[in-house]
Every structure is written in C-alpha cells, then in structure tokens.
Amino acid sequence: MFYFFVYSLCGFLLENVYSWFTTGVFWKEGYLKGPFKPMYGFAPLFLLILSEVVQSKPILWLACLLIPTVVEYVSGLLLHKLFGRRWWDYSDYRIQLDGYICLRFSLYWGVLSYVFLQFIHPVVQGIYDGIAGLWTIAGPILLLLFMIDMLLTYWIRRKAWKQELI
C-alpha cells in the first residue's frame, strides 16, 4: 500500500511537471480530485512483483515497456467507457492505438520504469524501512482518504456524465 501511494503521488507530480514544461501550467486534471494517479501506482507494483521472479535483463526491459503501456491502455479505455471522457489522447501521434497509447510514450515509460526498478525503488524501499512504524498509523488514514476521493469522484463524474447524456 505504501508503494502504491508513493508511486501514485509521483505520477501526479510527473504529469504536472510535464504539463508545466509543455503548457506552462502546473495542473493537469486527472480522474481523482486528490494528488494521486492510480495507474502510476499499479504499473510499478506489477513491475516489482515481476522483477522478483524474472532475472533476465532483456525480459525485464520488455516488461518495463509493456506493463505501463498495458496499464495506460486499460486505464484510458475504462475511464472513457465509464465516463465518456478522455483524460489523454495520443490520436495525433504516430504509431498509436485508439488514442490511449502510442509508441513514443511507451518508450518513455520503458526507460522510466527501468530507471525506477534499478535506482528509484531501492531508495523508496529504504525510506519505507525507516518509517514503517509511522506507516501503520498513516497508511489506514491515507487509504480512507483515498477511498473517499475515489467514491466521491466516481459519483460526481458519473452523475455529470449522465446529465450530459440527457
């Protein structure tokens, strides 16, 4: 749970810094109202689980390319199906699929994921080891706030989408 929240928050920061550099605005609306991007939490967890059993560097590199790409595709598809809205669209990029993923960003995710596994996660793991006792208190509170954000956001966005259909 700690890693999910840390990497979801890092995804929020990554997207907003990217937005700042590309548009001059440090705010890119996401599905949730809080500072978390769940797909950035899930992809690293899947990579961490896989890295425990896969020792081959080429296979790990391929997983670093494919896992975030699949998570991004599924996330984009689900959000579009549930709310009739796209939070990102790669339709104008070359070599893309349904506007949800494109080769350019898949390559970025691949490099970033490999750097994550080799350099970032060991540091985050050390941080967790240092605050594990505090996390037993903060974790459930953060989980509760996250779940409230998920439920309220879902309810508000679903209601708004249904109103648009009427």
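Conventions and cut-offs
Residues numbered from 1 in each chain as written. Predicted model: local features only at pLDDT ≥ 70, side-chain atom pairs only at ≥ 80, totals over all residues. Heavy atoms only, no water. Helix = DSSP H or I, 4+ residues; strand = E, 2+ residues; numbered from the N terminus. Rg over C-alpha atoms; globule rule 2.2 N^0.38 Å. Contact = heavy atoms within 4.5 Å. Areas by Shrake-Rupley, 256 points an atom, 1.4 Å probe, with all protein chains shown as cover. Buried < 20%, exposed > 50% of the residue type's maximum accessible area, 1.4 Å probe, protein only. Expected span 1.5 Å × (residues − 1). Axes fitted to C-alpha atoms, helices over the stretch in contact; angles between N-to-C directions. Parallel < 35°, antiparallel > 145°, perpendicular 65-115°, else oblique. Left-handed = near helix turned anticlockwise from the far one by under 90°. Nonpolar A, V, L, I, M, F, W, Y, C, P; charged D, E, K, R; others polar. Patch = residues over 30% accessible without salt bridge, like charges linked within 9 Å, V, L, I, M, F, W, Y side chains within 5 Å. Salt bridge = Lys/Arg side-chain N within 4 Å of Asp/Glu carboxyl O. 1 Å grid on protein atoms, 1.4 Å probe; cavity = no way out; pocket = protein on both sides within 12 Å on 5 of 7 lines; lining within 4 Å. Points joined across faces, edges and corners; volume = space filled by probe spheres on them. UniProt positions renumbered as here; feature names shortened; annotations may be inferred.

(A) Fine view of the overall build of the chain. Within the chain one finds four helices and two strands. Secondary structure elements of the chain occur, N-terminal to C-terminal, as α-α-α-β-β-α. At 17 Å, the chain has a C-alpha radius of gyration in line with the 15 Å of a compact globule built from 166 residues. C-alpha atoms of the chain, sized along the principal axes, occupy 50 × 45 × 30 Å. Within the chain, counting contacts between residues at least 6 apart in sequence, those at least 24 apart form 67% of the total. Accessible area for the chain stands at about 10,200 Å²; split by element, carbon and sulfur atoms hold 73% of it.

(B) Representation of unusual backbone geometry within the structure. Backbone geometry at Ile 95 places phi at a positive 50 degrees, although glycine is not the residue there. Inspection of the secondary structure puts Ile 95 in the loop between α3 (57–83) and β1 (96–97). Look at Asp 98: it is not a glycine, yet its phi comes out positive at around 55 degrees. Within the element layout of this structure, Asp 98 appears in the loop between β1 and β2 (101–102). We classify Asp 98 as partly exposed; its relative accessible area is 41%.

(C) Structural view of helix α2 (residues 38–53). Taking 1.5 Å of rise per residue, 16 residues should cover 22 Å, and α2 covers 24 Å from first to last C-alpha, within 8% of that figure. Listed as buried for α2 are Pro 38, Met 39, Tyr 40, Gly 41, Ala 43, Pro 44, Leu 47 and Leu 48.

(D) Spotlight on the packing of α2 against α3. Relative orientation of the contacting elements α2 and α3 amounts to 150 degrees, with a least axis distance of 9 Å. With respect to α3, the axis of α2 lies roughly antiparallel. For the element pair α2 and α3, the recorded crossing hand is right-handed. Where α2 abuts α3, its residues Met 39, Ala 43, Phe 46, Leu 47, Leu 50 and Ser 51 lie against Leu 60, Ala 63, Cys 64, Ile 67, Pro 68, Val 71, Glu 72 and Ser 75. Residues belonging to the contact of α2 with α3 are distributed by class as follows: 11 nonpolar, two polar and one charged.

(E) Representation of a nonpolar patch on the surface. Where nonpolar side chains cluster on the molecular surface, the patch consists of Ile 137, Ile 141, Leu 144, Leu 145, Ile 148, Leu 152, Trp 155 and Ile 156 and spans about 830 Å² of accessible area. One can find Ile 148 in helix α4 (residues 103–165).

(F) Inspection of empty space enclosed by the protein at higher detail. Across all of its chains, the model carries one cavity of 30 Å³ or more by this definition. Taken together, the residues that form the lining of the largest cavity break down as four nonpolar, two polar and three charged.

(G) The arrangement of the UniProt feature "transmembrane region" (unreviewed entry) in the chain in detail. The positions that UniProt labels "transmembrane region" (unreviewed entry) are, in the present scheme, residues 6–27, 60–80, 101–120 and 132–156. Secondary structure within residues 60–80 divides into 100% helix and 0% strand; the distance between the first and last C-alpha atoms comes to 30 Å. As annotated, residues 101–120 has a helix share of 90% and a strand share of 10%, and its two end C-alpha atoms lie 24 Å apart.

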